[in-house]
Amino acid sequence: MASSTTTSCWCSHCGMGLATPPPRSSSSFLCAFCRRLTRIEPQPGVRGSAMTMTTLARATASPPPPLPLSVVKREFPASYPKVRGKKRALLVGVSYTGTPHELRGTVNDVKEMRRILVDKFGYPSGCILELTEMERDLSRVPTRQNLLRAMRWLVDGCASGDSLVFHFAGHGVQHVDLKGDEVDGYNEALCPVDFRRSGNILDDEINETLVRPVGRGVKLHAIVDTCHSGTILDLPYLCRMSRTGYWQWENQYPGGGGKGKSPNGGLVISISGCRDDQKSDDTSGFPESASIGAMMDSFIQAVDAEPGTTYGRLLSAMRARIRDGHGSRRIPGKLGSYVRRMTASSGVQEPQLCSSEVFDIYRKPFLL
């Protein structure tokens with residue numbers, strides 16, 4: 001039974017349990033998992049903790065089911081891939097169509113990432129979920145709610161031997177860190193298509209949703225092309241690399257803490273478009289009047305040029321290609337393609353490598 005000081009019910013948006021004080025009148029409570037409000041009202045004629053929610057069926061005074069994540073699983077849209085193979089991916093491209101923040105090429109980034117995963121790394125096409133504004137299915141439009149739900153889909157039920165990929169192309173921003181767990185004093189965040197109305201998705205939320213559920217024997221790669229994306233997953237280690245190839249891992253938690261943000265025994269690695277203090281600017285066409293991100297262009301070229309490359313060689317090749325194209329809108333390539341460029345606040349953009357554990361970047365093969 002619920003205690004006399006708290007009561008249990010479910011979030012009306014994600015199905016997670018809410019522990020709230022018994023309301024004396026109608027009240028709204030914030031879900032710690034999905035950050036949405038649920039309105040709760042006392043149930044007439046019942047004392048103590050029993051209550052109802054305006055958007056859910058009546059809840060009793062007894063606790064919610066012992067595995068609330070099963071509730072989330074049942075809420076995955078019918079259009080989401082049902083195949084639960086050892087390899088699956090979530091690919092997100094946000095264009096912000098019709099707004100002052102509109103980007104060109106993010107949908108093409110998604111198409112290119114799908115091609116790479118299927119052709120180069122053997123991902124089944126039916127195990128890939130795409131979220132773009134081109135989708136007719138509203139559950140696949142990259143809103144804040146849909147994006148968080150899709151992240152939960154990606155890691156839901158993951159088991160040893162699984163290889164997962166999260167790819168995001170869109171805008172990213174920074175917010176002042178109020179918790180004191182960022183070495184630079186800022187949180188990084190992704191911008192969903194409805195960010196002006198529903199807010200951004202902070203790195204703390206991304207870490208909680210994507211990183212921490214990754215269990216032993218599971219591998220998750222995040223490939224993120226946004227502004228301020230260096231430490232977007234809040235992973236503990238950032239690889240500092242010089243132009244001469246010298247590298248070292250740097251702890252990203254003040255005082256070396258942050259163990260609570262690590263995966264549950266698995267390995268999580270992120271490859272991002274630039275440092276936390278760098279930002280993107282400008283779009284242009286890629287081939288035949290389409291466009292593609294500078295990071296995606298460099299990633300494709302590096303993977304195609306050297307199959308079985310290591311993380312160190314991949315990162316070096318990506319940085320070299322972007323440096324070669326900096327200062328000119330035209331980057332060498334098929335049809336003299338244009339690509340979306342990054343204008344850094346402190347120099348040319350530098351793709352970054354972060355990880356939940358340290359390893360020799362020139363010995364470990366890059367495998368998705």
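Here is a short report on the structure shown in this document. One numbering rule holds for all chains: residues counted from 1, following each sequence as written. Only residues with pLDDT of at least 70 are given local features in this predicted model, and only at 80 or more are side-chain atom pairs given and counted; all residues enter the totals for whole chains, interfaces and linings. By convention in this description, side-chain values take in all heavy atoms of the structure and omit both hydrogens and water.

## Quick notes on the packing of aromatic side chains
The relation between two aromatic rings is expressed through the spacing of the ring centres and the mutual angle of the planes. What counts here: Here the aromatic set is Phe, Tyr and Trp, taking the six-membered ring for Trp, and pairing holds for ring centres within 6.5 Å; pairs whose planes are under 30 degrees apart are stacked, those over 60 apart are edge-to-face, and all others are tilted. Secondary structure is summarised from DSSP: a helix means a run of H or I of at least four residues, a strand means a run of E of at least two, and numbering begins at the N terminus for each. Residue exposure (1.4 Å probe, protein chains only): buried if accessible area is under 20% of the type maximum, exposed if over 50%, otherwise partly exposed.
Evaluated as defined, the whole model comprises eight aromatic pairs. On the numbers, 5.2 Å between centres and 65° between planes, the contact of Trp-249 with Phe-359 is edge-to-face. Residue Trp-249 is located in strand β14 (residues 247-251), and its partner Phe-359 is located in the segment after β16 (352-355); the two are separated by 110 residues in the primary sequence. Judged by relative accessible area, which is 18%, Trp-249 ranks as buried.

## Looking at the pairing of strand β12 (residues 219-225)
Short version of the rule: Strands are treated as partners if at least two bridges between them are detected by DSSP.
In terms of burial, β12 is a largely internal element, six of the seven residues being buried. For β12 and strand β15 (residues 267-272), the ladder comprises six bridges, and the chain directions are parallel. Directly across from Val-224, in β15, lies its bridge partner Ser-272.

## Brief notes about the sheet that holds strand β10 (residues 186-190)
As summarised here, the arrangement of the three strands in space is β9-β10-β11, forming an open sheet in which the pairing is antiparallel. The two strands at the open ends of the sheet, each matched to only one other strand, are β9 (172-176) and β11 (201-202). With two bridges joining them, β10 and β11 adopt antiparallel strand pairing. Bridge pairing in β11 places Leu-190 opposite Ile-201.

## Regarding the sheet that holds strand β6 (residues 87-93)
Where we set the bar: Axes, fitted as lines to C-alpha atoms, cover a helix only where it is in contact. Angles between the N-to-C directions of the axes lie from 0 to 180 degrees.
An order of β7-β6-β8-β12-β15-β16-β13-β14 is seen for the eight strands of this open sheet, with the pairing classed as mixed. For this open sheet the edge positions go to β7 (128-132) and β14, each flanked by a neighbour on one side alone. In this sheet, neighbouring strand axes are inclined to one another by 15° on average, regardless of whether the strands run parallel or antiparallel. Sheet analysis places strand β13 (residues 237-241) next to β16, joined by two bridges and oriented antiparallel.

## Points about the pattern of salt bridges
Defined as follows: Each salt bridge in this description consists of a side-chain nitrogen of Lys or Arg and a carboxyl oxygen of Asp or Glu lying within 4 Å of one another.
If you walk through the whole model with that rule in mind, you get 14 salt bridges. Put simply, Arg-115 and Asp-304 hold a salt bridge, and the shortest N to O gap is 4.0 Å. Pair noted here: Arg-115 is in helix α2 (residues 106-121) and Asp-304 is in helix α6 (residues 294-305), with a separation of 189 residues, a long-range link. Its salt-bridge partner being Arg-321, residue Asp-297 comes within 2.5 Å of it at the nearest N-O pair. In this pair, Asp-297 sits in helix α6 while Arg-321 sits in helix α7 (residues 311-325), placing the two residues 24 residues apart along the sequence. Judged by relative accessible area, which is 6%, Asp-297 ranks as buried. In this structure, a network of salt bridges that share partners links the residues Glu-112, Arg-115, Lys-120 and Asp-304.

## Notes on α6
The criterion, for reference: Residue count minus one, scaled by 1.5 Å, sets the expected span of a helix.
For α6, built from 12 residues, the straight-helix expectation of 16 Å at 1.5 Å per residue is met to within 8% by its first-to-last C-alpha distance of 16 Å. Of all the residues in α6, the buried ones are Ala-294, Met-295, Met-296, Asp-297, Ser-298, Phe-299, Ile-300, Ala-302 and Val-303.

## Notes on the packing of α2 against α6
Spelled out, the test is: Any angle that falls under 35 degrees is termed roughly parallel, while one over 145 is termed roughly antiparallel, one within 65 to 115 roughly perpendicular, and all others oblique. Each helix crossing is assigned a hand: it is left-handed if the near helix lies turned anticlockwise from the far helix by less than a right angle, otherwise right-handed if that turn is clockwise. Here, two residues are considered to be in contact whenever any of their heavy atoms come within 4.5 Å of each other. Only Asp, Glu, Lys and Arg are considered charged, only Ala, Val, Leu, Ile, Met, Phe, Trp, Tyr, Cys and Pro nonpolar, and every remaining residue, Gly among them, polar.
Between α2 and α6, the shortest axis-to-axis distance is 11 Å and the interhelical angle comes to 15°. Relative to α6, the element α2 is oriented roughly parallel. Both α2 and α6 take part in a crossing whose hand is left-handed. In contact with Asp-109, Glu-112, Met-113, Arg-115, Ile-116, Lys-120 and Phe-121 of α2, α6 contributes Met-296, Phe-299, Ile-300, Val-303 and Asp-304. Taken together, the residues that form the contact of α2 with α6 break down as seven nonpolar, no polar and five charged.

## Digging into helix α3 (residues 144-155)
Taking 1.5 Å of rise per residue, 12 residues should cover 16 Å, and α3 covers 17 Å from first to last C-alpha, within 8% of that figure. Taken across its 12 residues, α3 has 11 buried, putting it largely inside the fold. For α3, the set of buried residues is Arg-144, Asn-146, Leu-147, Leu-148, Arg-149, Ala-150, Met-151, Arg-152, Trp-153, Leu-154 and Val-155. Taken from the residues just after α3, Gly-157 is the one with a positive phi, measuring 70°.

These figures capture arrangement, not role.
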